[in-house]
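Given next are the chains, with one letter for each unit.
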Amino acid sequence: MKIYIWFFCVAIGLTACTKESGALKTALQNNNPPVTARLPVQPALKRGVLYPTAGIQVMGVVKIIQQPSGLQVQLDSFSVSAGPDLKVYLSQAATPGNHLNLGNLQSNTGTQYYTIPAGTNLSAYPFVLIHCQQYNHLFSYASLQ
Amino acid sequence: MQVFNKKQIIILSLLFVIVANNQLFAQGCSDAGFCTIPLRPAAASKNNIQTELAYLRGEENTSLATLSVSYSRQISKKLQWDNKIVLAYVNGNYGTVFNLGDIYSTLRYGIKTSSGKMVHLLGGVKLPFNQSNLKIRNVSLPMVYQTSLGTYDLILGAAFDAGKLDMNVAVQLPVVQQNRNSFIMEQAPLPGTFPTTNLFRRKADVLWRVGYPLKSKTAKWSFNPNLLAIYHLGEDSYENIFGKRENIKGSSGLTLNANLQIGYRLNQQQSLQLSLATPFVVRDTRPDGLTRSFVASVSYQFGW
């Protein structure tokens, strides 16, 4: 009996899957158009270099830019080690706790943009963090200057 | 258990259909798992295997299908050990998710009271197979798409007769909260009313089921119309985008469901059961994704 139960678990574990709907595919394409189609490069209001925590590899620059739609965080020339649940935070310190969650990291590589909610007091958040929320592990931090 | 006649069956069936028709678009049957755990011994066999296929209608065009496999063993005359594993398929506006849900392991102990009546006591655990943070293309999904609540729960219950009524009471208590859901409404790519459940924390539930079991003269057919009340003992909470915990207003309170179970015994070893359920009193907010407007399940049991 135990063998059958284990077989069932392993079989299901191997076949677990997800698939996006047409509506989600369209929404993602609309929300994240190709970088080449974006507006001309904006000057950075603030910028910082990303540093890794132990065991993590990261490179890239963080910029705060003003777009017509509002302030954005730009990760430029960016790459980071893979993680299961990486988030981008604006943070009051170099560790999470008092932070503003800007959403899921869109990709482990490449230039990407994150909208900062309107009304955010940018001076209160002098750090940008890449943080694995699921396992509460900080991957990277940048001090904005 | 009472012997039924055709008139009783027709009246009870009509009542259920009326409730179901009026409330099919209501929301609520908020079963965190313990609704489907039998509090009484299902069969007299020493070993039993049961498979159950269920269809559930959730919020915002989501539909769910679950397959569960249970194994129970009679350890002694009074003690029985039950195990159940659940596999879920969820389909909705975001897409489809197919994964393992939870595993349940419970012990049931029967005691005879001084009046000679049997009381069945149950204790067990629910263990999650994931942390309730399944994603589609890196998009965080609402709780309704998650195949597990992501909590390690303690389940305690009792079943006893009160006159002609079958009474069941139980409590499901989240002991370890490992839910790592990261759905944030403001950041969702699709419009909808699913509330934010980022790092969701769930409160306990209590269950009270009152049934009026009937059986045919030959005992081939059994019929158990019942009312199922689930009370959520507090407001659930989540972590907002500023990293601060917020309670979800309206997430505590009562859900009341009508449930109809029809059983057919094929022979001494095998039986079938059909179960239909729909809610008619619901909580104002149901962030846990356990909202069901309709549940139908078919199960097959084999004993040896």
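Just above, that's the structure.
Residues numbered from 1 in each chain as written. Chains lettered and ligands numbered in written order. Predicted model: local features only at pLDDT ≥ 70, side-chain atom pairs only at ≥ 80, totals over all residues. Heavy atoms only, no water.

Attention now moves to the interface of chain B and chain A. In this complex, chain B contributes 37 residues to the contact, which on the side of chain A involves 36 residues. Of the roughly 2,900 Å² buried between chain B and chain A on both sides combined, carbon and sulfur atoms contribute 56%. For the pair chain B and chain A, the interface holds 2 salt bridges. Among the ionic pairs, R137(B) bridges to E20(A), the shortest N-O distance being 3.2 Å. At the surface where chain B touches chain A, the tally comes to 19 residue pairs in polar contact (both at pLDDT 80 or more). For the side of chain B that touches chain A, the elements supplying multiple residues, two or more each, are β3 (63–74), β4 (79–92), β5 (95–112), β7 (135–136) and β8 (139–140) of chain B. Of the residues assigned to the side of chain B that touches chain A, the class counts are 18 nonpolar, 14 polar and 5 charged. Where strand β1 (residues 17–20) of chain A lies against β5(B), 4 bridges are found, and the strand directions are antiparallel. Looking across to β5(B), one finds that E20(A) is bridged to G95(B). (Contact = heavy atoms within 4.5 Å. Buried area = accessible area lost by both parts, 1.4 Å probe. Salt bridge = Lys/Arg side-chain N within 4 Å of Asp/Glu carboxyl O. Polar contact = N/O pair within 3.5 Å; in protein donor to acceptor, adjacent residues only side chain to side chain. Helix = DSSP H or I, 4+ residues; strand = E, 2+ residues; numbered from the N terminus. Nonpolar A, V, L, I, M, F, W, Y, C, P; charged D, E, K, R; others polar. Pairing = 2+ DSSP bridges.)

This brings us to the environment of A142(A). All names here are of chain A. By the element assignment, A142 lies in strand β10 (residues 137–143). Among the residues examined, A142 registers a relative accessible area of 0% and is labelled buried. Taking the C-alpha atoms as reference points, A142 and V128, separated by 14 residues in sequence, lie 5.2 Å from one another. Residue contacts for A142: discarding those within four places in its chain leaves G48, V49, L50, V62, P126, F127 and V128. (Buried < 20%, exposed > 50% of the residue type's maximum accessible area, 1.4 Å probe, protein only.)

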